[in-house]
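Read off the chains here:
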Amino acid sequence: MRFENILADINGFGKFQVMVILINFIGRFTMPCHFMLNNFIAAVPSHHCDFSSLDDGGKFMNLSQEQKLTVSIPLQQDGTPNSCRMFAEPQYHLLFNSSNITEASTMPCHNGWVYDNSTFKSTLTSEWDLVCDKRGKNKATATIFFVGVMFGAITFGCLSDRFGRRIMLLVSYVSGMVFAVASAFSTTYVMFAVLRFLTGFCITGIVIVSQVLSVEWVDIKHRKVVGLLDSLSWTFGNVAFAGIAYFVTDWRRLIFSVTCPLILAIFTWRWMPESARWLIAHGKFEQAQMHLNRCAKMNGTDGSKDKLKPEMLATIIVREKRNQVYTYLDLIRTPNMRKLALKTGILWFCIAITFYGISFNITGFGLNIYLTQFAYALIELPAKVSIFYILDKIGRRPCEVGTLLITGTCLGVNILIPKSLSVARTAVAVIGKGFSSASFGTVVLYSSELYPTVVRQNGMGYNSFMARFGVAVAPMVLLLDEFFEELPQIVLCCTALLGAVVARTLSETRNRCLPETIKDVEWQQEELGQLK
């Protein structure tokens, strides 16, 4: 007997499953906010040197602010004020002829900077003067966070396969919230960087654990619904984040604001059930029976309780050693598992680097940062909703291959469109981002169906690690324009096409039972090989 037979008897998509999805939705709301948080808390306002030291108590004090700026700050070649240097002495003659280029000596901003607070009340940049020669530290805050996410994905994937989904979800909620709130009290840059690393490390468990919990509790027919809803929680969080950031312009308060939903998530965790699949795979039949009976009661199928006895549940898995501890090494112990891990790892890396590469590189809207964030989030909505209707019609593999091919095509087309046609370039880039978003939504569901229950969380943790590695690499790819202007687009295009080729080699999972053991994966591949 398979677990799908049990779900069919107790209703694989009833009130119980809706409750699980809603609880996970609450916890996942904060994820996109933290992932995009650096766009706002590390924003660089307009700034110039603090030239108060030039005040000689004479003419200078009688000048207007604009005039003081003219005689104190040199202009760059493009005509804008220099942000990193100031004149050693006031250049009063510039008041009469501002175009008169002089060879007056300049010096660095020894007294700090003055920032424009019209958009942001406070950012990391203005807090610790992360500009000019310290600009690299500003960019590093995002990288540090995602490095934490990378290692957190591996760690929580392993721990949740060993100790259970439910308890590790709570650990991720609590630890992520504690470190996030603590980071808002940072008094130094180093303290903030360390706490952001720990925040990323802990908070990533929410993504991989909640996704697997949702998938393992629903039947085959409704797995794509779970994939869509989990993906839309990301879009919803991104849309709401634009509004939150607009009204909360202080970086400390913004961190508080986007972390607060975790309080509600912790409160609702009490109703979150453990994965019955995981309990059965680890020989904990009495606990599995308790959760399955609860599911049957909520779904109005109490008549099936006779089939939920421990001795009946013990027949679901008879080919694997019970209570065996699985690790990431089990992803590469057997031939077909090695191939699966290699393929999905490359696929997640390609999708992540393409998606974030496009997201970081789309220009031409002419909107402010808040409207841009809002627009980028809305772009994902039609892409994800449309993929919902075709996942079961053509399958997971064709959807993944198709979306990546179209993404790569859009990137390639944009290389050929002249720079002067900014509207056309923007439209093509938006289409590419939409299909890239659809490929991301598909791969999460697709991968969770490919891995067996006993190492599914390890597999998703490994895939998440590869995706975060791709996120960390994406900004580096965009720096390649120093060598050749279109090189970043070429690299992203090739990456998307490589992902499509790799996805084409994976097995289709539409209308198929989830593999429970590693042997299931090995046998499925052997059967497919015989059919070919």
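Note that this is a predicted model, so its numbers are computed, not measured.

### Brief notes about the overall build of the protein chain
Here's step 1: From N to C terminus, the protein chain includes 22 helices and four strands.
Here's step 2: Relative to its 532 residues, the protein chain shows a buried fraction of 55%.

### Let's talk about the pattern of salt bridges
Here's step 1: Within this structure, the stated rule accounts for five salt bridges.
Here's step 2: One salt bridge in this structure joins lysine 384 and glutamate 380, with 3.1 Å as the shortest N-O distance. Residue lysine 384 and its partner glutamate 380 are located together in helix α17 (residues 369-394), separated by four residues, close to a single helical turn.
Here's step 3: Overall, lysine 384 belongs to the buried group, its relative accessible area being 5%.
Here's step 4: Taken together, the shared-partner salt bridges in this structure form one network comprising Glu380, Lys384 and Lys433.

### Considering the state of the cysteines
Here's step 1: This structure, assessed with the given rule, holds two disulfides.
Here's step 2: At a sulfur-sulfur separation of 1.6 Å, the disulfide partner of cysteine 49 is cysteine 109. Sign of the S-S torsion, about -45° for the bond between cysteine 49 and cysteine 109, identifies this disulfide as left-handed. With cysteine 49 in strand β1 (residues 47-49) and cysteine 109 in the loop between β3 (106-108) and β4 (113-115), the pair connects residues that are 60 residues apart, well separated along the chain.
Here's step 3: Taking the relative accessible area as the measure of exposure, cysteine 49 reaches 0% and is therefore buried.
Here's step 4: You can call cysteine 109 buried: its relative accessible area is 8%.
Here's step 5: The side chain of cysteine 84 participates in a disulfide bridge whose partner is cysteine 132; the two sulfur atoms lie 2.0 Å from each other.

### Comments concerning a nonpolar patch on the surface
Here's step 1: On the surface, Phe374, Leu378, Leu381, Val385, Tyr389, Ile390 and Ile394 cluster together into a nonpolar patch covering about 570 Å² of accessible area.
Here's step 2: Mapped onto the elements of the fold, phenylalanine 374 is located in helix α17.
Here's step 3: Its relative accessible area of 34% is what places phenylalanine 374 among the partly exposed residues.

### Things to note about helix α7 (residues 135-163)
Here's step 1: Here α7 contains 29 residues, and its C-alpha end-to-end distance of 42 Å stays within 8% of the 42 Å for a straight helix at 1.5 Å per residue.
Here's step 2: At threonine 141, α7 shows its maximal bend, which comes to roughly 30°.
Here's step 3: The first or second residue beyond α7 is glycine 164, which carries a positive phi of 115°.

### Section: the side chain of threonine 125
Here's step 1: Turning to its location among the elements, threonine 125 is positioned in helix α6 (residues 124-128).
Here's step 2: For threonine 125, a relative accessible area of 0% translates into the label buried.
Here's step 3: Here alanine 43 takes part through its backbone oxygen, which lies 2.9 Å from a polar atom of the side chain of threonine 125.
Here's step 4: With sequence-adjacent residues up to four places away left out, threonine 125 is seen in contact with Ile41, Ala42, Ala43, Val44, Pro45, Tyr115, Leu130, Val131 and Asn138.

### A closer look at unusual backbone geometry
Here's step 1: One non-glycine residue, aspartate 129, adopts positive backbone phi at about 50°.
Here's step 2: Relative to the assigned elements, aspartate 129 resides in the loop between α6 and α7.
Here's step 3: For aspartate 129, a relative accessible area of 22% puts it in the partly exposed group.

### Notes on the environment of phenylalanine 163
Here's step 1: Inspection of the secondary structure assignment puts phenylalanine 163 in helix α7.
Here's step 2: When its relative accessible area of 47% is taken as the criterion, phenylalanine 163 is described as partly exposed.
Here's step 3: Linking phenylalanine 163 and leucine 279, residues 116 residues apart in sequence, is a C-alpha distance of 10.0 Å.

### Description of the packing of aromatic side chains
Two descriptors summarise a pair of aromatic rings, namely the distance from one centre to the other and the angle between the planes of the rings.
Here's step 1: Under the criterion given, the structure shown has 25 aromatic pairs.
Here's step 2: Aromatic side chains phenylalanine 192 and tryptophan 251 sit 5.4 Å apart centroid to centroid with 85° between the ring planes, which places their arrangement in the edge-to-face category. Of the two residues, phenylalanine 192 sits in helix α9 (residues 189-217) while tryptophan 251 sits in helix α11 (residues 251-259), which places them 59 residues apart along the sequence.
Here's step 3: Chaining the aromatic ring pairs together yields one cluster made of Phe35, Phe145, Phe146, Trp234, Trp348, Phe355, Tyr356 and Phe440.
Here's step 4: The ring of tryptophan 269 carries the charged tip of arginine 166 above its face, separated from the ring centre by 3.8 Å.

### A short note on helix α21 (residues 487-504)
Here's step 1: Across its 18 residues, α21 extends 26 Å between first and last C-alpha, which sits within 8% of the 26 Å expected from 1.5 Å per residue.
Here's step 2: By the burial criterion, the buried members of α21 are Pro488, Gln489, Leu492, Cys493, Thr495, Ala496, Gly499, Ala500, Val502 and Ala503.

### Observations concerning the packing of α17 against helix α19 (residues 422-450)
Each pair of packed helices can be summarised by the angle the axes make with each other and by the distance between the axes.
Here's step 1: α19 packs onto α17 with a crossing angle of 50° between their chain directions and a minimal axis gap of 8 Å. By the angle between their directions, the pair α17 and α19 is classed as oblique. Of the two possible hands of crossing, α17 and α19 adopt the one that is right-handed. Residues Tyr376, Ile379, Glu380, Ala383, Lys384, Ile387 and Leu391 of α17 lie in contact with α19, whose contacting residues are Val430, Lys433, Gly434, Ser437, Ala438, Thr442 and Leu445.

Conventions and cut-offs
Residues numbered from 1 in each chain as written. Predicted model: local features only at pLDDT ≥ 70, side-chain atom pairs only at ≥ 80, totals over all residues. Heavy atoms only, no water. Helix = DSSP H or I, 4+ residues; strand = E, 2+ residues; numbered from the N terminus. Buried < 20%, exposed > 50% of the residue type's maximum accessible area, 1.4 Å probe, protein only. Salt bridge = Lys/Arg side-chain N within 4 Å of Asp/Glu carboxyl O. Disulfide = S-S within 2.5 Å. Patch = residues over 30% accessible without salt bridge, like charges linked within 9 Å, V, L, I, M, F, W, Y side chains within 5 Å. Areas by Shrake-Rupley, 256 points an atom, 1.4 Å probe, with all protein chains shown as cover. Expected span 1.5 Å × (residues − 1). Bend = angle between axes of the 7 residues up to and from the residue. Polar contact = N/O pair within 3.5 Å; in protein donor to acceptor, adjacent residues only side chain to side chain. Contact = heavy atoms within 4.5 Å. Phe/Tyr/Trp six-rings, centres within 6.5 Å; stacked < 30°, edge-to-face > 60°. Lys NZ or Arg CZ within 6 Å of the ring centre and 35° of its normal. Axes fitted to C-alpha atoms, helices over the stretch in contact; angles between N-to-C directions. Parallel < 35°, antiparallel > 145°, perpendicular 65-115°, else oblique. Left-handed = near helix turned anticlockwise from the far one by under 90°.

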